[in-house]
Amino acid sequence: MTCSRLYEYRLDQTEEVEYSENNNLGIHKNIFNANGKSLKKEILIEFRIELSGIYKDISSNKKDISHIDILVVWDVNFKDKEKLQREKGDILTEKDITTNVFYGVTHQLFGGSRQQPLPIIELKKILELVFNYRTPI
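Chemist: Can you help me understand the overall build of the chain in this one?
Modeler: Each helix and strand in the chain was counted, giving four helices and six strands. Overall, the chain shows an N-to-C arrangement of helices and strands of β-α-β-α-β-α-β-β-β-α. For a compact globule of 137 residues, the expected C-alpha radius of gyration is about 14 Å, and the chain comes in at 15 Å, within 12% of that figure. Oriented by its inertia axes, the alpha-carbon framework of the chain measures out at about 40 × 35 × 25 Å. For the chain, with 137 residues in total, the buried portion stands at 37%. The contacts in the chain between residues at least 6 apart in sequence include a share of 61% that link residues at least 24 apart. Carbon and sulfur atoms form 51% of the exposed surface of the chain, whose accessible area is close to 8600 Å².

As structure tokens, this is what we get:
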């Protein structure tokens, strides 16, 4: 599955969307303070089943990772992050709460032709955080 969509992202500062011990998906209040209490931007979101799926399109020049604002995947396969670094030279980490501006981001990817890390929303991780869901082995 591959799909890209353009969206208008707007998020105003409220307690419900601020990062906290109870809201790991939120935005740090310093990000809101630095942006006038509101985040607003037109963004391109790429949807994939797995993180590895984006590399096929990048290799065949169908996609340019520098144009993607957020990557939404079911699974980043975090346990294979060393393999990703070894084979692609890209580094996958947990999100940095001090710089992340998108609600729901769980990871970030450093590499490719991007100046800034690519924010990633892993849907499986969100289910784990919100509903204490664990995928079967």
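So much for the structure itself; the text now carries on.
Chemist: Can you help me understand the packing of aromatic side chains in this one?
Modeler: The description of an aromatic ring pair uses the distance of the two centres, along with the angle that the planes make with each other. According to the stated counting rule, one finds one aromatic pair in the structure shown. When the ring of Tyr9 is compared with that of Phe102, the centres are 5.0 Å apart and the planes differ by 65°; the resulting orientation is edge-to-face. With Tyr9 in strand S1 (residues 2-12) and Phe102 in the loop between strand S4 (91-94) and strand S5 (107-110), this pair connects stretches of sequence that are 93 residues apart. Residue Tyr9 is classed as buried on the basis of its relative accessible area of 13%. Given the relative accessible area of 6%, Phe102 is considered buried.

Chemist: Help me understand the pairing of S5 in this model?
Modeler: Every other side chain in a regular strand lies on the same face of the sheet, so the side chains alternate between the two faces. When S4 meets S5, the two strands line up antiparallel, connected through four bridges. By the bridge assignment, Leu92 is partnered in S5 with Leu109.

Chemist: Sorry, what's going on with the environment of Asp90 here?
Modeler: Tracing the backbone shows Asp90 in the loop between helix H3 (81-88) and S4. By relative accessible area, Asp90 is classed as buried at 6%. For the pair Asp90 and Leu109, spaced 19 residues apart in sequence, the C-alpha to C-alpha distance is 6.7 Å. In this structure the side chain of Asp90 is engaged in a polar contact, spanning 2.6 Å, whose partner is the side chain of Tyr55.

Chemist: What am I meant to see in the side chain of Asp69 here?
Modeler: Looking at the element boundaries, Asp69 is found in the loop between helix H2 (53-59) and strand S3 (70-75). The exposure class of Asp69 is buried, given its relative accessible area of 17%. A polar contact of 3.4 Å, which involves the side chain of Asp69, links it to the side chain of Lys41. From its side chain, Asp69 meets the backbone nitrogen of Leu44 in a polar contact 2.7 Å long. Leaving out residues up to four positions away in the same chain, Asp69 has contacts with Lys41, Glu42, Ile43, Leu44, Phe102, Leu118 and Pro119.

Chemist: Looking at this model, I keep getting lost on the nonpolar core. Mind explaining?
Modeler: Nonpolar side chains in soluble globular proteins tend to end up buried together. In this structure, Tyr9, Leu11, Ile27, Leu39 and Ile70 are the most contacted members of the largest nonpolar core, which totals 16 residues. If you list the elements that add at least two residues to this core, you get S1, helix H1 (29-34), strand S2 (38-50) and S3. When residues no more than four places from it in sequence are discounted, the contact partners of Leu39 are Tyr9, Arg10, Leu11, Ile27, Ile31, Phe32 and Val101. Core analysis: the second largest hydrophobic core is formed by 13 residues, Leu51, Ile68, Leu71 and Val73 among them.

Definitions and limits used
Here the residue numbers are simple positions, counted from 1 along each chain's written sequence. Note on the predicted model: pLDDT of at least 70 is required for a residue's local features to be given, and 80 or more for side-chain atom pairs to be given and counted; whole-chain, interface and lining totals, by contrast, use all residues. Where side-chain values are given, they derive from all heavy atoms of the structure, hydrogens and water being excluded. We count a stretch as a helix when DSSP gives it H or I for four or more residues in a row; a strand needs E for two or more, and each element gets its number in order from the N terminus. Our radius of gyration looks at C-alpha atoms and nothing else; its globule reference is 2.2 Å times the residue count to the power 0.38. Only protein chains enter the calculation, and the probe is 1.4 Å; a residue is then buried if its accessible area is under 20% of its type maximum, exposed if over 50%, and partly exposed in between. Note on definitions: a residue-residue contact is assigned when non-hydrogen atoms from the two residues lie within 4.5 Å. Here the accessible surface of atoms and residues is derived via Shrake-Rupley with a 1.4 Å probe, and residues count as covered only by protein chains that are part of the display. In this scheme Phe, Tyr and Trp rings, the latter by its six-membered ring, pair at centre separations within 6.5 Å, and the angle between planes marks the pair as stacked below 30 degrees, edge-to-face above 60, and tilted otherwise. What makes two strands pair is DSSP finding at least two bridges between them. Throughout this description, a polar contact denotes any pair of N or O atoms lying within 3.5 Å of each other; where both atoms belong to protein, one of them has to be capable of donating a hydrogen while the other can accept it, and for residues adjacent in sequence the pair is counted only when both atoms sit in side chains. Definition used in this section: a nonpolar core is a set of buried Ala, Val, Leu, Ile, Met, Phe, Trp, Tyr and Cys residues joined via side-chain atoms within 4.5 Å.

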